[in-house]
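The chain contents come next:
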Amino acid sequence: KGEVGHFYPFTMPDGKAVLFTIATGPTIADNAQIAALDLQTGRYKTVIGGGSAAAFVEPGYLIYSVRGTLQAVRFDPRRLEVSGEPVPIIDDVMNTSAGNANFSVSRNGTLVYVAGGGAFVQNVFPRSLVWVDRRGVETPINAETKPYGVARLSPDGTRVALDVRAPGADIWVWDLARETLTPLNVDPAIDLAPVWTRDNRRLIWSSTRGGGNPNV
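A quick note: this is a predicted structure, and the numbers were derived from the prediction, not measured. (Residues numbered from 1 in each chain as written. Predicted model: local features only at pLDDT ≥ 70, side-chain atom pairs only at ≥ 80, totals over all residues. Heavy atoms only, no water.)

(A) View of the pairing of strand 17 (residues 170–175). The element strand 17 is extensively covered by neighbouring structure, given that six of its six residues are classed as buried. Going residue by residue along strand 17, you find Asp170, Trp172 and Trp174 tucked away on one face and Ile171, Val173 and Asp175 tucked away on the opposite face as well. Across six bridges, the pairing between strand 16 (residues 159–164) and strand 17 is antiparallel. Bridging from a neighbouring strand, Ala161 pairs with Val173 of strand 17. Across four bridges, strand 17 lies against strand 18 (residues 180–183) in antiparallel orientation. Of the residues in strand 18, the one forming a bridge with Trp172 is Pro183. Hairpin connection from strand 17 to strand 18: four residues lie between these consecutive antiparallel strands, with Glu179 at a positive phi of about 55°. (Buried < 20%, exposed > 50% of the residue type's maximum accessible area, 1.4 Å probe, protein only. Helix = DSSP H or I, 4+ residues; strand = E, 2+ residues; numbered from the N terminus. Pairing = 2+ DSSP bridges.)

(B) Geometry of the nonpolar core. Judged by nonpolar contacts, the single largest core of 14 residues is most densely connected at Leu19, Val47, Ile48, Leu62 and Phe75. With sequence-adjacent residues up to four places away left out, Phe75 is seen in contact with Met12, Leu19, Val47, Phe56, Gly60, Tyr61, Leu62, Leu80, Glu81 and Val82. (Core = buried A, V, L, I, M, F, W, Y, C linked by side-chain atoms within 4.5 Å. Contact = heavy atoms within 4.5 Å.)

(C) Summary view of the pairing of strand 2 (residues 17–23). Taking burial as the measure, the seven residues of strand 2 include seven buried ones, the bulk of the element. Along strand 2, one buried face is formed by Ala17, Leu19, Thr21 and Ala23 and the opposite face, lined by Val18, Phe20 and Ile22, is buried too. When strand 1 (residues 5–11) meets strand 2, the two strands line up antiparallel, connected through five bridges. Residue pairing in the sheet places Gly5 in a bridge with Ala23 of strand 2. Joining the antiparallel neighbours strand 1 and strand 2 is a turn of five residues, in which Gly15 adopts a positive phi near 75°.

(D) The arrangement of the sheet that holds strand 16 in detail. Across the sheet, which stays open at both edges, the four strands sit in the order 15-16-17-18 with antiparallel pairing between neighbours. Looking at the sheet topology across the chains shown, the edges are occupied by strand 15 (148–153) and strand 18. The sheet shows a mean angle of 25° between the axes of neighbouring strands, direction not considered. (Axes fitted to C-alpha atoms, helices over the stretch in contact; angles between N-to-C directions.)

(E) Quick peek at the environment of Ala161. Here Ala161 shows up in strand 16. Along the backbone, Ala161 and Leu203 are 42 residues apart, and their C-alpha atoms lie at a distance of 8.1 Å. Not counting residues up to four positions away in its chain, the partners in contact with Ala161 are Val150, Ala151, Arg152, Trp172, Pro194, Trp196 and Leu203.

(F) The environment of Tyr61, seen in detail. Mapped onto the fold, Tyr61 is located in strand 6 (residues 61–66). Judged by relative accessible area, Tyr61 falls into the partly exposed class, the value being 28%. Excluding its chain neighbours within four sequence positions, the residues that come into contact with Tyr61 are Ala55, Phe56, Val73, Arg74 and Phe75. Among the polar contacts listed, one links the side chain of Tyr61 to the side chain of Arg74, at a separation of 3.3 Å. (Polar contact = N/O pair within 3.5 Å; in protein donor to acceptor, adjacent residues only side chain to side chain.)

In structure tokens:
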């Protein structure tokens, strides 16, 4: 179908569908589409052309990136369809040439993002994990320093899913109570960007294990 790869999965609140980004060229940011996968039928369809890294916000909106500008558009979560015209909401969000804008949205609609800087290259270098409270005060997490990429807190708040980018690129899980870091998978494939399902039991991520191009 001319699809280079699938990226940035986002599980819908009802657990029946997953949003993801379709790359149709070597630079995702310039050739991206946002699609919705119906988990009951196994079929997916494009809902937005020219966007990437979508997130759903109640009661019915998609927030997504267009080369570092975040846009919002109305979205029907049952029909998996957009309506109306998109509206720009933030125009200076750090992003990558792979179409991944640095933002996240909570269930109550609070948005956090990394401001400015334009596009950047995702270098692999050691990072530490910290908690940040609403005042911006950081509290270290007693986890080993590693080249962490994406970090995602489980819905029940007990674990953190991480992609550790060297050596290799694999998915790990940090248990906040036990203070243990455990590999979920270790294989030659490039595994990145994990997200939790709402029941805390499964993780979805982007992987090249099916071949040269990433898929969910």
